[in-house]
Amino acid sequence: MELIEGIVLKQMNYKESSKIIYVYTSHGLVSVLVHGSNKLKSPYLNLVRIFSHVKLYVSGSELKTLRDGEVLNYHSDISLDIVKYTYSLHLMEVIYYFSQHEHDHEKLFQFILKIIDKIIENPIFDIYIMMAELKLLYLLGVQPLLKHCVFCDSKEGLNFSVEDGGMICSEHRTKSRYNSATMHLLLSLYYYDLSDPIELDYDQQDVVELRRLIDEYYEYHLNYRSRSRKSLRDLIGY
Ligand SMILES: [Zn+2]
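Conventions adopted
- Residues numbered from 1 in each chain as written.
- Predicted model: local features only at pLDDT ≥ 70, side-chain atom pairs only at ≥ 80, totals over all residues.
- Heavy atoms only, no water.
- Domains from an automatic or database assignment.
- Contact = heavy atoms within 4.5 Å.
- Buried area = accessible area lost by both parts, 1.4 Å probe.
- Salt bridge = Lys/Arg side-chain N within 4 Å of Asp/Glu carboxyl O.
- Polar contact = N/O pair within 3.5 Å; in protein donor to acceptor, adjacent residues only side chain to side chain.
- Helix = DSSP H or I, 4+ residues; strand = E, 2+ residues; numbered from the N terminus.
- Nonpolar A, V, L, I, M, F, W, Y, C, P; charged D, E, K, R; others polar.
- Donors = N, O, S within 2.8 Å, 3.2 Å for Na, K, Ca; no water.
- Tetrahedral: all angles 85-135°; square planar, octahedral: opposite > 155°, others 65-115°.
- 1 Å grid on protein atoms, 1.4 Å probe; cavity = no way out; pocket = protein on both sides within 12 Å on 5 of 7 lines; lining within 4 Å.
- Points joined across faces, edges and corners; volume = space filled by probe spheres on them.

### Quick notes on the domain arrangement of the protein chain
Each assigned domain of the protein chain is listed here: domain 1 (2–74) and domain 2 (77–236). A separation of 29 Å is found between the C-alpha centroids of domain 1 and domain 2. Contacts between domain 1 and domain 2 engage 15 residues on the former and 16 residues on the latter. Taking both partners together, domain 1 and domain 2 bury about 1,400 Å²; carbon and sulfur atoms supply 77% of that area. There are zero salt bridges connecting domain 1 and domain 2. On inspection of domain 1 and its partner domain 2, the count reaches two residue pairs in polar contact (both at pLDDT 80 or more). Mapped onto the side of domain 1 that touches domain 2, the elements with two or more residues apiece are β1 (2–14), β2 (18–25) and β3 (28–34). Counted by class, the side of domain 1 that touches domain 2 contains seven nonpolar, six polar and two charged residues.

As structure tokens, then:
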């Protein structure tokens, strides 16, 4: 028997009454078969829910089987708000998709636990999700170059270019696409330290622009867009 602790990112029905859950842990993704979890009397109804922080006793090698387990935190408040729920699902999908990549899972796991708390605590939660997506770029090794121009050492009038993978100085670029407040929000979130929080100053328009920038970056450099992202667009309009 083996003890694992993690966040349920995804669940899938398996045969008539069972489920497979995909749990993100400090070592990466673990798939666990939960027998009979679709039965009404199952003690594991909450344990298989997405966002649940769980502690599981499992056995088996490739596909593990649940022997016993408990929910440390349901995080059920996320489901109370459809936008928050859909946006958080998007984040879970992103983490799931990149969980097979070699990266620092311990770091991401600890970070995601904190981000989930922020999502639950704050009515304005979208910046925390974008923060997680930006920091994941770093873990995946495809982080944008932000300190100076991609083509030279200049820091003059830096503006972002998705295709070039970072900032472009005023001499090297042909046109500015983002305003300076959006650039400021990008930098603030990318370098944000959750253990040393600072006040963020931004407009909703900057959030919209940064959302687009992150979407384009993931599509261009990682060829990825989550399924929930489309549902989210239908809900929030961008
Ligand atoms: Zn330059």
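Text resumes after the structure shown.
### Structural notes on the coordination of the zinc ion
Protein ligation of the zinc ion involves Cys 149 (SG), Cys 152 (SG), Cys 169 (SG) and His 172 (ND1), the donor distances falling in the range 2.1 to 2.3 Å. If you look at the zinc ion, its four donor atoms make angles of 99 to 117° with each other, and the shape they trace is tetrahedral. Read from N- to C-terminus, the donor residues coordinating the zinc ion fall into the pattern C-x2-C-x16-C-x2-H.

### A word on the layout of surface pockets
A volume near 370 Å³ is recorded for the largest pocket. A per-element tally of the lining of the largest pocket places helix α2 (residues 105–121) first, with five residues. Taken together, the residues of the lining of the largest pocket break down into eight nonpolar, two polar and four charged. Size it by volume and the second largest pocket reaches roughly 320 Å³. In this structure, the second largest pocket is lined by 13 residues; those nearest its centre are Leu 9, Lys 10, Glu 93, Arg 227 and Ser 228. Broken down by secondary-structure element, the contributors of at least two residues to the lining of the second largest pocket are β1, α1 (82–98) and α6 (228–236). Looking at the lining of the second largest pocket, its residues break down into seven nonpolar, three polar and three charged. Both domain 1 (2–74) and domain 2 (77–236) contribute no fewer than three residues apiece to the lining of the second largest pocket.

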